[in-house]
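# Structural description and commentary
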Amino acid sequence: MSDRVLRGSRLGSVSYESDRHTEFAPRSLTSYDCSQRHETAVPFAAEADIPYTWECKVCGTQAIRRDAQAPEAKAVKPTRTHWDMLLERRSIAELEEVLAERLAVLHEHQGQVKAQLKADAAKTRKKSA
Ligand SMILES: [Zn+2]
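What comes next concerns the included structure. (Residues numbered from 1 in each chain as written. Predicted model: local features only at pLDDT ≥ 70, side-chain atom pairs only at ≥ 80, totals over all residues.)

Our next topic: the sheet that holds strand β2 (residues 39–45). Taken together, the four strands give an open sheet; going across it, the order is β2-β1-β4-β3, and neighbouring strands pair in antiparallel fashion. Looking at which strands have only one partner, the edges of the open sheet turn out to be β2 and β3 (53–55). In this sheet, neighbouring strand axes are inclined to one another by 40 degrees on average, regardless of whether the strands run parallel or antiparallel. The sheet contact formed by strand β1 (residues 27–33) and β2 spans seven bridges and is antiparallel. Looking across to β2, one finds that D33 is bridged to E39. (Pairing = 2+ DSSP bridges. Helix = DSSP H or I, 4+ residues; strand = E, 2+ residues; numbered from the N terminus. Axes fitted to C-alpha atoms, helices over the stretch in contact; angles between N-to-C directions.)

Written as structure tokens, this is what we have:
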């Protein structure tokens, strides 16, 4: 082979380090069970914060750690909707009043539009007559 040829390998694909003289960090095997009763064993470093759930390696659903209690559910703050915020400011009776006011304004406007249309129709009738 010509000494001008560069030999290489893909970046990151191969490690030339050997496991010899290497001491692995202490590990523990954690078992997870999914609803289909598949067991998934995952090695974690001894000091790792072991998750409560893991993906089942057989069916891909959520598997639950065998040796742990369910973590305490965090207190979830209920989301306030626009309606909730409105109810904090006004009572239903007040809202009924506001609604009636707005409807009256709308009806008045509607009446004006109808009258305008009537007047316009009368004008065009006069013109065409
Ligand atoms: Zn499974």
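The structure having been displayed, the exposition proceeds.
Right, let's get into the nonpolar core. In this structure, Y32, C34, W54, C56 and A63 together form the largest nonpolar core, which totals five residues. Ignoring anything within four residues of it in the chain, the contact list for A63 reads Y32, D33, C34, T40, T53, W54, E55 and C56. (Core = buried A, V, L, I, M, F, W, Y, C linked by C-beta atoms within 7 Å. Buried ≥ 20, exposed ≤ 12 C-beta atoms within 10 Å, placed from the backbone. Contact = placed C-beta atoms within 7 Å.)

The next point concerns unusual backbone geometry. With phi around 65 degrees, R37 is a residue other than glycine that occupies positive phi space. Of note, R37 is situated in the loop between β1 and β2.

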